[in-house]
Amino acid sequence: MQILSEQEIQRRQKRQQLIEMGIEPYPAEAFPVNVSAKDILKNYTRNKTEYKDISIAGRLMSIRISGAASFAELQDESGRIQLYIARDEICPTEDKTLYNVVFKKLIDIGDFVGVKGYVFTTQTGEITIHVTSLKLLAKSLKPLPIVKQQKDTQGNIKTYDAVTDAEFKYRQRYADLVVTPDAKQVFIKRTKIINAMRNFFNSHGYLEVETPILQPIPGGASARPFVTHHNALDIPLYLRIANELYLKRLIVGGFDGVYEFAKDFRNEGMDRNHNPEFTVLEIYVAYKDYFWMMDFTERLLEHVALEVLGDTKFVVGEHTIEIKRPFPRISIYEAIRLHTGIDISLMNEEELRETCQKLGVKVEATMGKGKLIDAIFGEKCEHYYIQPTFIIDYPVEMSPLCKRHRRNPQLTERFELFINGKEIANAYSELNDPIDQRERFEEQMRLMERGDDEAMYIDYDFLRALEYGMPPTAGMGIGIDRLTMLLTNQPSIQDVLFFPQMRPEKTIQAASHAEYLALGIREELIPLLQKIGFLTIESLREASPNKILNDLGIVRKKLKLENLRLPTKEEIESWLKK
């Protein structure tokens, strides 16, 4: 049973009235649009003659009815603009129904309309559309949250009573985008970030590709996968946790530079920085190493900041970040020594476990040497790196797909880029020795046998590809969601995803009429009880008889139901006993 508010009931009644009047509340035909609100507001003062015959469509965001002439605000994708609607303009004949009934009584805030007319400036100096024709394009049956906008003396728009309820914002993003202009700007910038990166890669001659999302082996990263089953092949398949191994197969196949904006999936925890479905950019370039990739990353991010923000300096929370070359470089061992006072570079697994205990870093028995070092760095170091910093030269145990360091075989040629205390990019001189790679995979399998459910599987086909020969290659991954958070000053990954993953919505199963009647409640009282919020028998039993009686009295007066007999307190007490 769908539970409707008073406004929702009224809007459904208006929809029915429109239909009975012969007005289709959801017409099928296209409405011609030849201008946007932004275009008018930006250019009308200079080019008045160009706005004599305009046609525009959008959602009504405010209505101020005043006799034979009214004002309203229309919002299209580009912004809002004021409408002036005069009765005799939109109803030039004797029949004034369109204005007196349809516009004044049956159209609501949130409805889509199409208007034609011309632009003028009101006596208060506001650019306005003088409407000569109005058409309903779509009736809104659910009221939008009320968010007020007002211009200050400088013409800047101030928003009041903005929606802050995260449950509403993330679950009903479609409504939040309508009433929260800043939210829309975040997603526009997200697209600009991706376009700027794509243009940068294309300018270097690298090829954008697509690789499988459903994979027989979840390779390329250490993470717990989502598992599904392919009926026709009768095999398990995994949503990809990374696209790395497939992109490197393409380097084996002869491409010198490939990249992909990929959706990856990891069946892990959720917090302000993690969503089970996320977007990553991965790029692989032949005949390069991680030193070249650090320089390339600096140039890439500087380019993106300038393209999206117009500046390399921007504010994130309480910090001012500057993405300007060159970024500092520090080894992970040196970073840990600097921030803990402990040199872990020569420690074995047991000594690392003891060090974690000493530092108060939470660990699990299944964690090997690599994860222990990662836990220390994550807990004690990474939050210090606010300005862009490359953390380099990770231990072999932390990097099973990375080439050993040319000067120290216990390390790898790897970097992670940290900005604002968070990892933004991860890159390697890629491991292209198939024998070494097989041994690293086998070590991962030993970790899996110890209970590490994030350890990597052995990908035998990838090993076969490496055996054909892969040239020296540099590879990098950038988390698009985190980069967007950074460049739009958003505190949570949910703020940069249109539709973040959420727990199932809690719904109320309203009691049936029969359940109310079984308590001895009169038929005519049931809709009133539902209207004041007693949608379930449990909620009714939790209330006091005095409250129920008082609320029924209020709603009877509000609806002018003087002839309705209210129950006595004793009657209500008898309901609650059954």
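Parameters at a glance
- Residues numbered from 1 in each chain as written.
- Predicted model: local features only at pLDDT ≥ 70, side-chain atom pairs only at ≥ 80, totals over all residues.
- Heavy atoms only, no water.
- Helix = DSSP H or I, 4+ residues; strand = E, 2+ residues; numbered from the N terminus.
- Rg over C-alpha atoms; globule rule 2.2 N^0.38 Å.
- Buried < 20%, exposed > 50% of the residue type's maximum accessible area, 1.4 Å probe, protein only.
- Contact = heavy atoms within 4.5 Å.
- Areas by Shrake-Rupley, 256 points an atom, 1.4 Å probe, with all protein chains shown as cover.
- Lys, Arg positive; Asp, Glu negative; His and termini not counted.
- Charge placed at Lys NZ, Arg CZ, Asp CG, Glu CD.
- Pairing = 2+ DSSP bridges.
- Phe/Tyr/Trp six-rings, centres within 6.5 Å; stacked < 30°, edge-to-face > 60°.
- Lys NZ or Arg CZ within 6 Å of the ring centre and 35° of its normal.
- Core = buried A, V, L, I, M, F, W, Y, C linked by side-chain atoms within 4.5 Å.
- Salt bridge = Lys/Arg side-chain N within 4 Å of Asp/Glu carboxyl O.

**Examining the overall build of the protein**
Within the protein, the regular secondary structure consists of 20 helices and 20 strands. Here the C-alpha radius of gyration of the protein, 31 Å, is well above what a compact globule of 578 residues would show, namely 25 Å. Principal-axis analysis of the C-alpha atoms gives the protein an extent of 90 × 75 × 55 Å. Within the protein, the proportion of its 578 residues that are buried is 48%. Of the contacts formed within the protein by residues at least 6 apart in sequence, a portion of 63% connects residues at least 24 apart. As displayed, the protein has an accessible area near 29400 Å², and 50% of this comes from carbon and sulfur atoms. Looking at the protein, you have 77 positive and 84 negative side-chain charges, and the mean spots of the two groups are 6 Å apart.

**Considerations on the sheet that holds strand β10 (residues 227-230)**
Adjacent strands of a sheet pair through backbone hydrogen bonds, lying either parallel or antiparallel. With antiparallel pairing, the three strands of this open sheet are ordered in space as β9-β11-β10. Since the sheet does not close on itself, it has two edges, and those belong to β9 (214-215) and β10, each with one partner. By the bridge criterion, four bridges tie β10 to strand β11 (residues 235-239) in an arrangement that is antiparallel. By the bridge assignment, V227 is partnered in β11 with Y238.

**With respect to the packing of aromatic side chains**
In total, this model carries 19 aromatic pairs according to the counting rule given. Ring geometry for F200 against F296: centres 5.3 Å apart, planes inclined by 55°, an arrangement best described as tilted. Of the two residues, F200 sits in helix α7 (residues 181-203) while F296 sits in helix α9 (residues 290-309), which places them 96 residues apart along the sequence. Each of the two residues, F200 as well as F296, counts as buried. Grouping aromatic residues by their ring pairs yields a cluster made of F200, F201, Y206, Y259, F261, W292 and F296. The ring of Y246 carries the charged tip of R249 above its face, separated from the ring centre by 4.5 Å. Stacked on the ring of Y394, the Lys or Arg R414 has its end atom at 4.4 Å from the ring centre.

**Focus: the nonpolar core**
Membership of the largest hydrophobic core comes to 42 residues, with the highest contact counts inside it found for M197, F201, I283, M293, I478 and L483. Sort the elements by how many residues they give to this core and α9 lands first, with nine residues. Excluding anything up to four places from it in sequence, I478 contacts M197, T279, V280, L281, L300, L301, I424, A425 and L483. Grouped together as the second largest cluster of nonpolar side chains are 29 residues, A37, I40, Y51 and I107 included.

**Considering the pattern of salt bridges**
The full count for this structure, using the stated rule, is 43 salt bridges. A salt bridge links D452 to K371, with the shortest nitrogen-to-oxygen separation between them at 3.1 Å. Remark: K371 occurs in helix α12 (residues 369-380) and D452 occurs in the loop between α13 (434-449) and α14 (460-467); sequence separation between them is 81 residues. Taking the relative accessible area as the measure of exposure, D452 reaches 5% and is therefore buried. In this structure, a network of salt bridges that share partners links the residues K14, D108, D111 and K139.

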